[in-house]
Amino acid sequence: MNESARPATKTVDLTRVPNFIGGAFVEGGGTTFENRFPATDEVVSVVTEASSDDVDRAVSAARKALKGPWGRMSIPERVALLRKLADGINARFDEFLKAEIRDTGKPVSLASHIDIPRGAANFNVFADQILTVSTETFEMPTPDGAGALNYALRLPRGVIGVICPWNLPLLLMTWKVAPALACGNTVVVKPSEETPSTATLLGEVMNEVGIPEGVYNVVHGFGPGSTGEFLTRHPDVDAITFTGETVTGEAIMGAAAKGVRPVSLELGGKNPAIVFDTADLDKTIEGLGRSCFANTGQVCLGTERVYVQRGIFDRVAEALAEKARAYAFGDPFSKATSMGPTISRVHQKKVLSYYEKARAEGATVLAGGGAPEVDGFEKGYWVQPTVWTGLPESSAVITDEIFGPCAHLTPFDSEEEGVALANDSPYGLATSIWTQDLSQAHRVAKQIEVGITWVNCWFLRDLRTPFGGSKSSGVGREGGVHSLEFYTELRNVCVKL
Ligand SMILES: NC(=O)c1ccc[n+]([C@@H]2O[C@H](COP(=O)([O-])OP(=O)(O)OC[C@H]3O[C@@H](n4cnc5c(N)ncnc54)[C@H](O)[C@@H]3O)[C@@H](O)[C@H]2O)c1
Ligand SMILES: O=C/C=C/C=C(\O)C(=O)O
């Protein structure tokens, strides 16, 4: 037991979700708002919104922690605590799992294999990374012949504002918090208003393992005119890392400009898949089935545009439609359920509005196109996995990020045409290329204007690799040493010998 560990606080009451500031759970000074279970529309908790003063207290607690034991810890001491955090989440796996499912409605089969394991693993990934990172030195000659030595110091940036989305709440939050802490920073986290629970529960684990108070803080609320904006405009926040919609990223980049704070932005996408006629059809359909429909299509790396070489178009279209029809809706806590609802009534209506738009524009609906009736869960925010073809590339269904379980298929003839279609988007986050001609794979991968390209696979993640978007899909890269580049600042020291 870490001697600095404080006794575990009583299990936090997630039916009235508090903020977590300076190591203590506190009611927010703002309003309260409801948190609903997306499968039934039932209110599962009330969340206390942080006020501007609460955000200020959280930033002050984070600043103070930098000057306390945390700021004096060695890298091995921080690493030991990061590993305890991973262990602490795993020790309470079922609590995190239940909280994540209640907030998101995602099936237990998904949350238990992706969200919670990765939410814990991220701490070990960056514990490893920080132990092996090096800096640089240069010897230089000087006129007097004695020379000089230059060496770089890698220092924490300070207080990091962390703003998270609702689609992979724990995973995407610790994807930022883990490297931030590994580098010796402190954080103020603003979870999505849709998914407050797991970030709050992590506060308890922070106390259990002995993370000093103020290192990790959680403030709940919304964006504009609320907690998110209070945080990004707070003058004592040294850097901001954000994952969410592109339009939000633009607002946050603007807020960060005052005080010249660095930002890391992981933003929206409208990801293409390019299927060549040499593709292995079984592997391609398995991969596209996941990339189009996983997490009810609420994955930033997911596919919403599928370009298929004409010779195999009909086979791919029918096989993908069959995949869409095979999903089982139902109780997210049941292992038999393979697709959950969307996150909210608002998002469900957004997705269904595109389904209507496609129908109105004369799309051929190969599968889905509406909302399913789910026995016992009639009030849930359900949408059908949907496959279309026949729309012009100018359709909003093909240009806008829908963030639902839907994809439009377009045939193409030449490789050049396939590449041009895939690149015809202001977004540039991810793509997948399906071909057994690996020369073609390498040639095409170099031309697609995205941050991440998968060949004959999807969402295969080596966490040491650079992760991020090009064009309107982001600024910067996180993952491996790239996260350390964002969460530290390099200082060069030149010593005259
Ligand atoms: N690139 C990636 O790695 C990645 C990963 C997951 C999700 N996303 C994107 O996130 C979006 C879905 O998530 P979302 O709906 O939660 O995104 P969102 O932009 O609506 O909200 C994200 C977070 O930002 C906060 N926020 C909103 N406006 C703000 C403002 N003006 N100032 C400060 N904070 C503000 C929200 O409260 C929330 O916590 C999709 O576009 C998806 O593509 C991207
Ligand atoms: O919805 C977006 C998913 C992002 C996934 C990661 O950031 C990751 O796998 O580290």
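Given the structure is predicted, the values throughout are model-derived calculations rather than measurements.

The rules we used
- Numbers given to residues run from 1 along each chain, matching the order in which its sequence is written.
- Working convention: letters from A go to chains and numbers from 1 go to ligands, in the order in which they are written.
- Residue-level local features of this predicted model are given only where pLDDT is at least 70; pairs of side-chain atoms are given and counted only at 80 or more, and the full residue set underlies all totals for whole chains, interfaces and linings.
- By convention in this description, side-chain values take in all heavy atoms of the structure and omit both hydrogens and water.
- Each helix is a run of DSSP H or I of at least 4 residues and each strand a run of E of at least 2, with the numbering of both proceeding from the N terminus.
- We compute the radius of gyration over the C-alpha atoms and compare it with the globule rule, which gives 2.2 Å times the number of residues raised to the power 0.38.
- In this scheme, a residue with accessible area under 20% of its type's maximum is buried, one over 50% is exposed, and one in between is partly exposed, where area comes from a 1.4 Å probe on protein chains only.
- By definition in these notes, contact holds between two residues if any of their heavy atoms fall within 4.5 Å.
- Calculation of accessible area relied on Shrake-Rupley with a 1.4 Å probe; when residues are assessed, cover is drawn exclusively from the protein chains displayed.
- Within this scheme the basic residues Lys and Arg register as positive and the acidic residues Asp and Glu register as negative, but His and the chain ends are omitted.
- Charge placement uses NZ in Lys and CZ in Arg. For Asp and Glu, CG and CD serve respectively.
- A cutoff of 4 Å decides nearness: a residue is near a molecule or strand if any of its heavy atoms lies inside that distance of it.
- Polar contact is the term for a pair of N or O atoms within 3.5 Å; when the atoms are in protein, one must be able to donate a hydrogen and the other to accept it, and sequence-neighboring residues count only if both atoms are side-chain atoms.
- Side-chain classes are defined by residue name, with Ala, Val, Leu, Ile, Met, Phe, Trp, Tyr, Cys and Pro counting as nonpolar, Asp, Glu, Lys and Arg as charged, and the others, Gly among them, as polar.
- Domain borders in the structure are assigned automatically or taken from a domain database.
- Definition of nonpolar core: a set of buried residues of the types Ala, Val, Leu, Ile, Met, Phe, Trp, Tyr and Cys, connected through side-chain atoms within 4.5 Å.
- UniProt positions are given in the numbering used here, feature names are shortened, and annotations may be inferred rather than shown by experiment.
- Strand pairing follows a simple DSSP-based rule, namely that at least 2 bridges must link the two strands.
- What counts as an axis is a line fitted to C-alpha atoms, over the stretch in contact for a helix, and the angles between N-to-C directions run from 0 to 180 degrees.

Caption draft 1: Region of the structure containing the overall build of the protein. Scanning the protein from terminus to terminus reveals 16 helices and 23 strands. On C-alpha atoms alone, the protein measures out to a radius of gyration of 24 Å, which is about the 23 Å that the 2.2 N^0.38 rule sets for 497 residues. Counting only C-alpha atoms and orienting by the principal axes, one finds that the protein spans roughly 70 × 65 × 40 Å. In the protein, which comprises 497 residues, the share counted as buried stands at 58%. Contacts spanning at least 24 positions in sequence make up 74% of the contacts within the protein whose residues lie at least 6 apart. Total accessible area on the protein stands at roughly 19400 Å², and carbon and sulfur atoms take up 55% of it. Taken together, the 47 basic and 60 acidic charged side chains of the protein have centroids lying 4 Å from each other.

Caption draft 2: How the structure looks around the environment of Pro372. By secondary structure assignment, the location of Pro372 is in the loop between strand S15 (364-367) and strand S16 (386-389). Taking relative accessible area as the criterion, Pro372 reaches 13% and is therefore assigned buried. Sequence separation between Pro372 and Pro385 is 13 residues, and the spatial gap between their C-alpha atoms is 9.6 Å. Beyond its immediate sequence surroundings of up to four residues, Pro372 is in contact with Phe329, Trp382, Val383 and Gln384.

Caption draft 3: Just the site of ligand 1, in detail. Taken together, 30 residues lie around ligand 1, and Lys190, Glu193, Thr248, Leu267 and Glu401 are the ones closest in. Between ligand 1 and Leu267 there is a distance of 2.7 Å, counted from a nitrogen atom to a backbone nitrogen or oxygen. One nitrogen or oxygen atom from the side chain of Glu401 is found 2.5 Å from an oxygen atom belonging to ligand 1. Broken down by secondary-structure element, the contributors of at least two residues to the shell around ligand 1 are helix H8 (227-232), strand S11 (239-243) and helix H9 (246-257). In terms of residues, the shell around ligand 1 owes the most to one element, H9, which gives three residues. Here the shell around ligand 1 is composed, by residue class, of 16 nonpolar, eight polar and six charged. For the shell around ligand 1, the two domains that each supply at least three residues are domain 1 (16-267 + 473-496) and domain 2 (271-461).

Caption draft 4: Structural detail: the site of ligand 2. The environment of ligand 2 is formed by Arg118, Asn167, Leu168, Leu172, Trp175, Val299, Cys300, Leu301, Phe459, Arg461 and Phe467. In the environment of ligand 2, an oxygen atom lies 2.7 Å from a nitrogen or oxygen atom belonging to the side chain of Asn167. In isolation ligand 2 has 310 Å² of accessible area, and contact with the protein removes 99% of it. A breakdown of the residues in the shell around ligand 2 according to their chemical character gives eight nonpolar, one polar and two charged. In terms of domain composition, the shell around ligand 2 takes at least three residues from each of domain 1 (16-267 + 473-496) and domain 2 (271-461).

Caption draft 5: A look at unusual backbone geometry. Phi at Val260 is positive, roughly 50 degrees, even though this residue is not glycine. Positive phi, normally seen in glycine, also occurs at Thr296, with a value near 55 degrees.

Caption draft 6: Here's a closer look at the nonpolar core. In terms of nonpolar packing, the biggest core is built from 71 residues, with Phe123, Val177, Tyr216 and Leu301 touching the most fellow members. Looking at this core, you find at least three residues from each of domain 1 (16-267 + 473-496) and domain 2 (271-461). What Leu301 contacts, discounting residues up to four positions off in sequence, is Asn271, Leu429, Ala430, Ile452, Trp454, Trp458, Phe459 and Phe467.

Caption draft 7: Examining the UniProt feature "domain: Aldehyde dehydrogenase" (unreviewed entry) in the protein more closely. UniProt's entry tags residues 26-493 with the feature "domain: Aldehyde dehydrogenase" (unreviewed entry), counted in the numbering of this structure. Counting secondary structure, residues 26-493 comes out at 40% helix and 21% strand; the distance between its end C-alpha atoms is 43 Å.

Caption draft 8: Just the pairing of strand S19 (residues 430-434), in detail. Of all the five residues making up S19, five are buried; the element is thus mostly covered by neighbouring parts of the structure. With burial as the criterion, each face of S19 is covered, one bearing Ala430, Ser432 and Trp434 and the other bearing Thr431 and Ile433. Examined bridge by bridge, strand S13 (residues 271-275) and S19 share three bridges and lie parallel to one another. Directly across from Val275, in S19, lies its bridge partner Trp434. Taken together, the four bridges between S19 and strand S20 (residues 452-455) define a ladder with parallel strand orientation. For Ile433, the partnering residue across the bridge sits in S20 and is Val455.

Caption draft 9: Layout of the sheet that holds strand S5 (residues 42-48). An order of S1-S5-S4 is seen for the three strands of this open sheet, with the pairing classed as mixed. Each of the sheet's edge strands pairs with one partner strand only, and the pair in question is strand S1 (16-17) and strand S4 (32-37). With six bridges connecting them, S4 and S5 associate as antiparallel partners. By the bridge assignment, Arg36 is partnered in S5 with Val43. Strands in contact with helix H4 (residues 93-104) are S4 and S5; relative to S4, the strand with the most contacts, it is inclined by about 95 degrees.

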